[in-house]
Every structure is written in C-alpha cells, then in structure tokens.
Amino acid sequence: MSFIAFRDVGFRYGEQEDAGNSILRGLDLEIARGTFYVLLGPSGCGKTTALNLLAGFETPKSGSVLVEGRPVQQPGMDRVVIFQGDDSLYPWLTALENVEFPLRMTGRGAAERRSRAETWLARVGLANHAAKFPHQLSGGMKQRIQIARALVCDAPVLLMDEPFGALDAQTRTILQDELVDICAGSGATVLFITHDIAEAIILADRIGVMRAGPGSAVKDEFELDLPRPRNRGSVEFAAIYDRIQRVLSEEVQKVVMREAAA
C-alpha cells in the first residue's frame, strides 16, 4: 500500500462542472513513504490544489486522498505545510520561539520544547541566531526557520509550495542542497511544488509532470537515480532536464495557445 495516494481525484469550484471550473480530473498519484516527490506543471494546472487537498484545506469533489489508507478529511499535525512567503512566522517571537510554537500547541513541556527547537535550529544552521526576531533575519534564514518549525514535531508528511520562489538565485541554490539532507535525516515524506525543472531534479526522488488545465492530472512521471549530491553541470543532469523539458513544454504551449485565442 502506498503511503500517500490520490485515487481518481476530481476538484472544481462550484457544484456544476463545466469547461472552465474543473481544476483536477482523474488525478491518480501514489507516493511511497520517505519519498521526495516533486510536482511540475504549467501555471494553473492544479499543483497547489493537489497540495491543498493532501493538507486537508480542500475536499475532493470526487475520488479520495489517502494517507496510510485513511481518507484526508481535515488538516492535521501529521501533514505540515511550508509556504513560499514568510508570513506564517510570528514577528513577536524569536527564531527559537517560532520553532517551539507547534510544540507548545500540542502541550509539550518547556524543557522538551526548548531542547527540540534548539536541535532543529542547529540542523538548519541557525543555532547562533536563536534570539533574533524574523525582521532581523534574511529571507533564506526565515525559510530555514519554517523548515525547522515544520520538522520539530516529527510530522511524517511535509508539504512545500514553492518555498524558495521569493529568494535570490544563490540563496535558493544553497537551500535546495541543504533541504535534501535535512529531509533525508527527518525521514519525512515530501510533496514539493515548483515550476523550476532544475530545482525538481536537484530535490526529487520522483517527478510528476502535470497536464495543462482545466481538468488536469499527472501526464508523466520520472524516476531519478542520479547520485547525490547532484551536479547541475553533469551530462546526466542535462539529459534528464531535456527529457522533462520536452514533456513540460508541450503543456506550457497549450496554455500559451489557449491564452492567445481568448
């Protein structure tokens, strides 16, 4: 049994389905425990919708989303979401206190909260910044705090919606490389959303490319057996990039042609 499964999932806005309001139709996807799975696709294809369904923020109109065989019906502490921006950090709390916060909400004692938060701050390279407030930190540091806060509760599922999209290219590259090691050490199963092919190749064990919407689903999947750490300049990296680019370009072109005809 797959750890995470989307079974013939459909989602739309409104009760009656028409040509324009169907976001997902017949989405089938299975993710094994401990897998780093990346969803790629053109804008508007439903990548974020799929993540929101797994998070429990939305409910399928048809089909089912399962974690360990149980339907997802609402948000839960077993599925933690990291968003692109840093708005979810509490500006009145220090870095350490932000990481502690979910443990406080689950009733953990002060000593345990502090110990676990310090451990995860160290693992994301911020042990020396524990007393700083979010406004005193760079964008990359804030994202590290979000990652530490997500993992401090040992959540088995980590959901990431373009978390590095707002960062500069150099910081983004550094965090991509770090994230692989951090998640591998946590044992979490990851669903990561991006539109960046290179980012997907650096991070993923498997990549799913979605069709252009409306009524999107996974068009093709790629199993990555490149050794880690992955070399962005290698021949093997370029070869898998080219394969994915060809599949994705077909779907992006459909979006461009539809927008031109509108």
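Refer to the structure presented above.
What counts, and where the lines are drawn
Residues numbered from 1 in each chain as written. Predicted model: local features only at pLDDT ≥ 70, side-chain atom pairs only at ≥ 80, totals over all residues. Heavy atoms only, no water. Buried < 20%, exposed > 50% of the residue type's maximum accessible area, 1.4 Å probe, protein only. Helix = DSSP H or I, 4+ residues; strand = E, 2+ residues; numbered from the N terminus. Pairing = 2+ DSSP bridges. Contact = heavy atoms within 4.5 Å. Axes fitted to C-alpha atoms, helices over the stretch in contact; angles between N-to-C directions. Phe/Tyr/Trp six-rings, centres within 6.5 Å; stacked < 30°, edge-to-face > 60°.

(A) Spotlight on the pairing of strand E9 (residues 206–210). Of all 5 residues in E9, 5 are buried, a share of seventy percent or more. Residue alternation in E9 divides its side chains into two sets, Arg206, Gly208 and Met210 and Ile207 and Val209, and both sets are buried. Both strand E3 (residues 36–40) and E9 contribute to a ladder of 4 bridges, which runs parallel. By the bridge assignment for E9, leucine 39 is matched with glycine 208.

(B) Highlighting the sheet that holds strand E2 (residues 22–31). Read across the sheet, 4 strands follow the order E2-E1-E4-E5 without closing on themselves; strand pairing throughout is antiparallel. In this open sheet, the two edge strands, each paired with only one partner strand, are E2 and strand E5 (70–71). Two strands pair when backbone bridges link them, and strand E1 (residues 4–12) and strand E4 (residues 62–67) are joined in this way by 5 bridges, in the antiparallel orientation. For glycine 10, the partnering residue across the bridge sits in E4 and is serine 62. Along the sheet face, helix H1 (residues 47–55) touches E1, E2 and E4 and points at about 115° away from the line of E1.

(C) Broad picture of unusual backbone geometry. Here the residue pair glycine 213 and proline 214 is connected by a cis peptide bond, since its omega of 0° sits within 30 degrees of zero. Assignment of secondary structure puts proline 214 in the loop between E9 and strand E10 (218–223). The omega torsion of the bond from arginine 228 to proline 229 falls at -5°, within 30 degrees of zero and hence cis. Positionally, proline 229 belongs in the loop between E10 and helix H7 (235–261). Unlike most non-glycine residues, aspartate 8 shows phi in positive territory, near 50°. Within the element layout of this structure, aspartate 8 appears in strand E1. What makes aspartate 8 partly exposed here is its relative accessible area of 48%.

(D) Looking closely at the packing of aromatic side chains. Enumeration according to the criterion identifies 5 aromatic pairs in this entry. A ring pair is formed by phenylalanine 11 and tyrosine 13, whose centres lie 5.0 Å apart and whose planes are at 85°; its orientation type is edge-to-face. Look at phenylalanine 11 and you get buried, because its relative accessible area is 4%. A residue is classified by how much of its surface remains accessible, and tyrosine 13, at 48% relative accessible area, is partly exposed. An angle of 55° between the planes, with centres 6.1 Å apart, marks the rings of phenylalanine 164 and phenylalanine 192 as tilted. Taken together, the residues phenylalanine 164 in the loop between strand E7 (157–161) and helix H5 (169–186) and phenylalanine 192 in strand E8 (residues 189–193) connect sequence positions 28 residues apart. Across this residue pair, the class does not change: phenylalanine 164 and phenylalanine 192 are buried. Ring pairs connect the aromatic residues Phe36, Phe164 and Phe192, which therefore count as one cluster.

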